[in-house]
Amino acid sequence: MDSRSDSGFLNVLIQMGEALQNSGAEIYRVEDTLNRIGYAYGAEEMNVFVITSSIIITMKMPGKEPLTQTRRLKKSGGNDFVKLEELNELSRQICSGRIAVDEFEQQLDQILSTGSSEKMLLLGNVLAAASFAVFYGGSIWDFLFAGLMGAVIWLLETYMEPICLNSVAYQIAASFLSGVGICVVSRIFPILHMDKIMIGDIMLLIPGLMFTNAIRDVLLGDTISASMRLIEALLLAAALALGFFAAIWLVRGIW
């Protein structure tokens, strides 16, 4: 590759890292994957530094000056494991020498252009909320209403999250609105158990995977990313508790 193509390849490589990060990959996995891909395409030296908000890659091809690119990550993470598996499979094919650089870029663009099924996301929200409500002792009516509120949370995530200032603001708004709905309907229909329904719907908003990845980053020595993820997870958990507490306090004060 010439210098221009080296720069273009580095841009695709950093795009791959961003896709991995936004799909739920751990920091060490992102760094290791980008290093392996770089060496697979002939790099003499690779230096990759990733945190939750930035990716820095320095690549040196044989007989050429090192090239460096940095990308600021606006999105801190995600949980798209289907896309993550597709990216991992792409990286395995690259490391086995079966994909040229142009094909690498084409396949990456194809993976990124494929979004998650809205119907499956909705179904997942409904089943998860309803199942957790029953798991913690809820009745069939709690199952049904928790599923309905799970659909409401999906609507909030789809249409309200993009216009919120940040994830903490969305977390407070979503937990407060869903909490008010649960409290009001539970007062109207005493057959419903407010606590069981609320537990089921809380499971959709709690940042469990983020907290788990933060602990894993600590164990693997990525302390900067671990600290950032842990702080964000704690803020989201606090916002979640604050939203539901405010909803309970408001409904009980009025009703």
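Residues numbered from 1 in each chain as written. Predicted model: local features only at pLDDT ≥ 70, side-chain atom pairs only at ≥ 80, totals over all residues. Heavy atoms only, no water.

Section: the overall build of the protein chain
Point 1. On a plain count of helices and strands, the protein chain comes out with 10 helices and 3 strands.
Point 2. Here the protein chain, with 255 residues, has 39% of them falling under the buried criterion.
Point 3. Long-range pairs, those at least 24 residues apart, make up 63% of the contacts in the protein chain with a sequence separation of at least 6.
Point 4. Total accessible area computed for the protein chain in this model is approximately 13400 Å², and 63% of it derives from carbon and sulfur atoms.
Point 5. Positive and negative side-chain charges of the protein chain, numbering 18 and 26 respectively, have mean locations separated by a distance of 4 Å. (Helix = DSSP H or I, 4+ residues; strand = E, 2+ residues; numbered from the N terminus. Buried < 20%, exposed > 50% of the residue type's maximum accessible area, 1.4 Å probe, protein only. Contact = heavy atoms within 4.5 Å. Areas by Shrake-Rupley, 256 points an atom, 1.4 Å probe, with all protein chains shown as cover. Lys, Arg positive; Asp, Glu negative; His and termini not counted. Charge placed at Lys NZ, Arg CZ, Asp CG, Glu CD.)

Points about the sheet that holds strand β3 (residues 67-72)
Whether parallel or antiparallel, the strands of a sheet pair through hydrogen bonds between backbone atoms.
Point 1. Spatial ordering of the open sheet is given by β1-β2-β3, a layout of 3 strands whose pairing is antiparallel. Edge positions in the sheet fall to β1 (45-51) and β3, since each has one partner strand and no second. Neighbour-to-neighbour, the strand axes of this sheet turn through a mean angle of 5 degrees, independent of strand direction.
Point 2. With 7 bridges connecting them, β1 and strand β2 (residues 54-60) associate as antiparallel partners. Among the inter-strand pairings, N47 is bridged to a residue of β2, identified as T58. (Pairing = 2+ DSSP bridges. Axes fitted to C-alpha atoms, helices over the stretch in contact; angles between N-to-C directions.)

A look at the packing of aromatic side chains
Point 1. For the coordinates displayed, the defined rule picks out 5 aromatic pairs.
Point 2. Centre to centre, the rings of F132 and Y136 are 6.5 Å apart; their planes meet at 20 degrees, and the pair counts as stacked.
Point 3. Relative accessible area serves as the criterion here: at 32%, F132 is assigned to the partly exposed category.
Point 4. Aromatic side chains F135 and Y136 sit 5.1 Å apart centroid to centroid with 85 degrees between the ring planes, which places their arrangement in the edge-to-face category. (Phe/Tyr/Trp six-rings, centres within 6.5 Å; stacked < 30°, edge-to-face > 60°.)

What about the UniProt feature "transmembrane region" (unreviewed entry) in the protein chain?
Point 1. In this numbering, the UniProt entry assigns the feature "transmembrane region" (unreviewed entry) to residues 126-156, 168-185, 197-215 and 230-251.
Point 2. With 87% helix and 0% strand, residues 126-156 has its two end C-alpha atoms placed 13 Å apart. (UniProt positions renumbered as here; feature names shortened; annotations may be inferred.)

Here we look at the nonpolar core
Point 1. Ranked by internal contacts, the top residues of the largest apolar core, which has 31 residues, are M16, I57 and F104.
Point 2. The set of elements that each furnish at least two residues to this core consists of α1 (3-22), α2 (27-40), β1, β2, α3 (81-95) and α4 (101-113).
Point 3. Per-element tally for this core: the top contributor is α1, with 8 residues.
Point 4. The residues contacting I57, other than those within four sequence positions of it, are L10, L13, I14, L34, M46, N47, V48, L67, T68 and Q69.
Point 5. By size, the runner-up hydrophobic cluster in this structure holds 18 residues, among which are A133, Y170, L192 and F244. (Core = buried A, V, L, I, M, F, W, Y, C linked by side-chain atoms within 4.5 Å.)

What about the environment of S167?
Point 1. By the secondary structure assignment, S167 is in helix α7 (residues 167-188).
Point 2. For S167, a relative accessible area of 30% translates into the label partly exposed.
Point 3. Residues S167 and G253, spaced 86 residues apart in sequence, show a C-alpha to C-alpha distance of 28 Å.
Point 4. Contact partners of S167, with chain neighbours within four places excluded, come to E232 and L236.

Describing the packing of helix α6 (residues 140-159) against α7
Point 1. The interhelical angle for the contact between α6 and α7, taken along N-to-C directions, is 150 degrees, at an axis separation of 10 Å. Comparing the axis directions of α6 and α7 gives the class roughly antiparallel. The two elements α6 and α7 meet at a crossing, and its hand is right-handed. Contact residues: α6 offers F145, M149, I153, L156 and E157, while α7 offers Y170, A174, L177, S178, G181, I182 and V185.
Point 2. Residue composition of the contact of α6 with α7, grouped by class: 9 nonpolar, 2 polar and 1 charged. (Parallel < 35°, antiparallel > 145°, perpendicular 65-115°, else oblique. Left-handed = near helix turned anticlockwise from the far one by under 90°. Nonpolar A, V, L, I, M, F, W, Y, C, P; charged D, E, K, R; others polar.)

A closer look at the environment of D109
Point 1. Following the sequence through the fold, D109 ends up in helix α4.
Point 2. For the pair D109 and M61, spaced 48 residues apart in the sequence, the C-alpha separation amounts to 24 Å.

Considering the side chain of S178
Point 1. Mapped onto the elements, S178 comes out in helix α7.
Point 2. Other than its neighbours up to four places away in sequence, S178 contacts M149, I153 and F244.

Some points on helix α5 (residues 118-135)
Point 1. With 18 residues, α5 should reach 26 Å at 1.5 Å per residue; the first-to-last C-alpha distance of 26 Å fits that figure.
Point 2. Buried within α5 we find N125, A129, A130 and A133. With its buried residues spanning 105 degrees around the axis, α5 presents them on a single face. α5 presents K119, M120 and F135 as exposed residues on the side facing more than 90 degrees away from its buried surface.
Point 3. Looking at the buried residues of α5, the elements they touch are α6 and α8 (194-205).
Point 4. A positive phi of about 105 degrees marks G137, the residue just after α5. (Expected span 1.5 Å × (residues − 1). Arc of directions from axis to C-beta.)

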